[in-house]
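Overview (structure and organization)
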Amino acid sequence: MNDQILCNNCRKPKAPYNCGLCHEATCKACTQFLVETFSFEKKVPEELTHPNYCMHCFDEKVAGPLTAYNEKMEKAKDIILYTKEQTKLTRLLKRKNLPYKVEGCEDEEEAIMRMSFMAVEDKCNCLIDIEIQTKKIISGSHKKTVFGATAVPINIIPGSIREHLDPP
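Presented here is an overview of the structure given in this document.

Conventions and cut-offs
- Residues numbered from 1 in each chain as written.
- Predicted model: local features only at pLDDT ≥ 70, side-chain atom pairs only at ≥ 80, totals over all residues.
- Heavy atoms only, no water.
- Helix = DSSP H or I, 4+ residues; strand = E, 2+ residues; numbered from the N terminus.
- Rg over C-alpha atoms; globule rule 2.2 N^0.38 Å.
- Buried < 20%, exposed > 50% of the residue type's maximum accessible area, 1.4 Å probe, protein only.
- Contact = heavy atoms within 4.5 Å.
- Areas by Shrake-Rupley, 256 points an atom, 1.4 Å probe, with all protein chains shown as cover.
- Lys, Arg positive; Asp, Glu negative; His and termini not counted.
- Charge placed at Lys NZ, Arg CZ, Asp CG, Glu CD.
- Expected span 1.5 Å × (residues − 1).
- Bend = angle between axes of the 7 residues up to and from the residue.

For the protein chain, the helix and strand inventory stands at three helices and eight strands. Secondary structure elements of the protein chain occur, N-terminal to C-terminal, as β-β-β-β-α-β-α-β-α-β-β. In terms of overall dimensions, the protein chain is more spread out than a globule: its C-alpha atoms have a radius of gyration of 23 Å, far above the 15 Å expected for 168 residues. Counting only C-alpha atoms and orienting by the principal axes, one finds that the protein chain spans roughly 80 × 45 × 35 Å. Within the protein chain, buried positions represent 33% of all 168 residues. Sequence-distant contacts in the protein chain: of pairs separated by 6 or more residues, those separated by 24 or more amount to 58%. Entry remark: accessible area of the protein chain is about 11,600 Å², with carbon and sulfur atoms responsible for 52%. Placing the 24 positive and 24 negative side-chain charges of the protein chain at their respective mean positions leaves the two points 4 Å apart.

For helix H1 (residues 55-76), built from 22 residues, the straight-helix expectation of 32 Å at 1.5 Å per residue is met to within 8% by its first-to-last C-alpha distance of 29 Å. Valine 62 marks the point of greatest bend in H1, at about 50°, and the proline proline 65 comes within the next four residues. Summarising the contacts, the buried residues of H1 are in contact with strand E3 (31-33), strand E4 (52-54) and helix H3 (108-121).

Structure follows, in structure tokens:
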């Protein structure tokens with residue numbers, strides 16, 4: 001049994017995985033696999049870039065930042081959005097912050113979500129003057145469209161902008 005690697009947690013033989021942080025051997029049952037890549041973060045801490053962790057390291061180093069990241073993603077879904085075409089509604093709002101710019105996104109939704117995530121990090125609740133840009137990339141016979149976007153982050157009181165609806 002000396003040639004078999006034991007799991008650091010449950011002591012079962014044949015532990016095929018190693019923790020990304022402490023490098024201890026773990027079996028499949030005791031390994032925490034990280035599916036999230038934290039791709040919306042500006043800078044991902046090195047300790048969150050490994051694919052698998054032992055239970056102790058996951059609980060101590062990864063669980064907290066993963067929960068915070070997921071909370072930011074949920075808040076980003078609730079950001080109030082106004083496009084450049086809706087300038088009539090937002091013309092009186094002050095644009096104090098520098099605009100966000102994202103490039104290289106797969107679709108419009110990803111571009112808006114990335115800017116919304118930035119707004120959550122900067123404690124803003126609204127994006128105005130959203131403008132989507134598309135760029136076609138042709139590589140031989142392969143064509144691909146890449147999206148980019150710009151928007152200005154601000155804070156507003158939800159419901160303070162009344163959209164004029166046509167009467168029925």
